[in-house]
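# Coordinates in review
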Amino acid sequence: MSTADLQVQLDTLLTEVRACTLCEELLPLDPRPILRAHSDARILIIGQAPGTRVHQSGVPWDDPSGIRLREWLDVTPDEFYDVRRFAIIPMGFCYPGKDKRSGDNPPRPECAPHWHKKLLDLLPNVKLTLLIGNYAQHYYLREQAAKTLTETVRQWKTLAPDYIPAPHPSPRNIRWRKSNPWFEEEVVPVLRARTRKLLGPSGTQPEVGRDT
């Protein structure tokens with residue numbers, strides 16, 4: 001299949017995803033699936049689900065968590081939102097509502113089984129998948145995922161270079177980051193180096209299909 005045909009198929013699928021109403025009756029707000037992808041993308045980010053701010057703007061990671069994530073990756077907003085560089089496909093595409101205790105509800109469970117494989121089949125150039133949070137890690141790593149997020153992230157060396165697990169960069173997780181300084185000391189530098197190798201120098205685009 002030619003690159004152009006592949007992208008046509010992906011664009012058609014993205015249109016279908018953005019019109020999805022699978023769990024409409026279970027959402028607190030109108031469905032607004034938020035994701036981005038291009039067949040040229042080299043890095044895939046799989047997080048949890050949009051928050052209220054992202055639901056309103058329609059821009060993934062358009063919040064303090066996104067600022068922290070871009071710091072971890074050491075990329076500019078222009079690089080991050082370049083769909084030819086980054087595909088952004090959360091576990092749940094729509095805002096799931098507030099948890100009764102604190103934070104947001106888990107991602108809706110319908111999205112990933114119904115849509116993810118179809119989307120990933122049209123992303124042949126992805127060389128690194130960043131799995132953010134327990135839901136993404138358990139779904140994709142299966143038996144390789146540990147009982148806790150901390151344990152899963154600690155075994156990142158056995159999963160790299162294809163996968164790198166990470167905690168959520170939310171400000172709510174500042175206690176976890178302070179308790180686990182090894183993540184930003186050990187994992188983040190590797191994540192930055194891997195990201196830059198795949199993207200090429202800032203302002204350039206590496207050759208698509210090159211296995212780096």
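Everything here concerns the structure above.
The text that follows walks through the structure, step by step, so that each part is easy to find. (Residues numbered from 1 in each chain as written. Predicted model: local features only at pLDDT ≥ 70, side-chain atom pairs only at ≥ 80, totals over all residues. Heavy atoms only, no water.)

### What to know about the overall build of the protein chain
Along the protein chain, the regular secondary structure elements total 10 helices and 4 strands. Each helix (α) and strand (β) of the protein chain, taken in turn from the N terminus, gives the series α-β-α-α-α-β-α-β-α-α-α-β-α-α. The C-alpha radius of gyration of the protein chain comes to 17 Å, within 12% of the 17 Å expected for a compact globule of 212 residues. Dimensions along the principal axes, computed over C-alpha positions, put the protein chain at roughly 45 × 40 × 35 Å. Looking at the protein chain residue by residue over its 212 residues, the buried ones come to 48%. Restricting to contacts in the protein chain with at least 6 residues of sequence separation, those with at least 24 account for 70%. When the accessible surface of the protein chain is split by element, carbon and sulfur atoms take 49% of a total near 10900 Å². Within the protein chain, the 26 negative side-chain charges are centred at a point lying 5 Å from the centre of the 29 positive side-chain charges. (Helix = DSSP H or I, 4+ residues; strand = E, 2+ residues; numbered from the N terminus. Rg over C-alpha atoms; globule rule 2.2 N^0.38 Å. Buried < 20%, exposed > 50% of the residue type's maximum accessible area, 1.4 Å probe, protein only. Contact = heavy atoms within 4.5 Å. Areas by Shrake-Rupley, 256 points an atom, 1.4 Å probe, with all protein chains shown as cover. Lys, Arg positive; Asp, Glu negative; His and termini not counted. Charge placed at Lys NZ, Arg CZ, Asp CG, Glu CD.)

### Let's talk about helix α5 (residues 111–120)
Within the span of α5, buried status applies to C111, A112, W115, H116 and L119. Looking straight down α5, one finds that the buried residues subtend no more than 110 degrees of arc, so they occupy a single side. Opposite its buried face, α5 presents the exposed residues P113 and K117, each directed more than 90 degrees away. (Arc of directions from axis to C-beta.)

### A closer look at unusual backbone geometry
Omega for the bond connecting A160 with P161 falls within 30 degrees of zero, at 5 degrees, which places this linkage in the cis form. Backbone geometry at R142 places phi at a positive 55 degrees, although glycine is not the residue there.

### Side note on the pairing of strand β3 (residues 128–132)
Among the 5 residues in β3, 5 count as buried, and that is most of the element. Here β3 shows a buried face lined by L128, L130 and I132 and a second buried face lined by T129 and L131. Examined bridge by bridge, strand β1 (residues 43–46) and β3 share 4 bridges and lie parallel to one another. Looking at the pairing, I46 lines up with L131 of β3. Bridge analysis of β3 against strand β4 (residues 163–166) gives 4 bridges, and the strand direction is parallel. If you follow L130 over to β4, its bridge partner there is I164. (Pairing = 2+ DSSP bridges.)

### Describing the layout of surface pockets
As a volume, the largest pocket reaches approximately 930 Å³. As for the largest pocket, its lining consists of 38 residues, and the residues nearest its centre are Q48, S65, D104, H168 and S170. Going through the elements one at a time, β1, α2 (52–57), α3 (64–73) and α6 (134–141) are the ones with two or more residues in the lining of the largest pocket. Broken down by element, the lining of the largest pocket gets its largest block of residues, 3 residues, from α2. Residue composition of the lining of the largest pocket, grouped by class: 19 nonpolar, 13 polar and 6 charged. If you add up the space inside the second largest pocket, you get close to 220 Å³. Looking at the second largest pocket, the residues that line it are L44, I46, H116, K117, L120, L123, V126, T129, Y139, Y140, R142 and Y163. Of all the elements in the fold, those that place two or more residues in the lining of the second largest pocket are β1, α5 and α6. Looking at the lining of the second largest pocket element by element, the count peaks at 3 residues for α5. Residue classes in the lining of the second largest pocket are distributed as 8 nonpolar, 2 polar and 2 charged. (1 Å grid on protein atoms, 1.4 Å probe; cavity = no way out; pocket = protein on both sides within 12 Å on 5 of 7 lines; lining within 4 Å. Points joined across faces, edges and corners; volume = space filled by probe spheres on them. Nonpolar A, V, L, I, M, F, W, Y, C, P; charged D, E, K, R; others polar.)

### Brief notes about the nonpolar core
One finds L10, V17, I46, F93, W115 and L119 to be the most contacted residues of the largest nonpolar core, which totals 27 residues. Elements with a contribution of two residues or more to this core: α1 (3–18), β1, α5 and α6. Considering each element in turn, this core owes the most residues, 5 residues, to α1. In this view, I46 contacts I89, M91, H116, T129, L130, L131, I132, A136 and Y140; residues no more than four positions away in its chain are not counted. In terms of nonpolar packing, the next biggest core, distinct from the first, is built from 26 residues, I45, L69, A166 and W182 among them. (Core = buried A, V, L, I, M, F, W, Y, C linked by side-chain atoms within 4.5 Å.)

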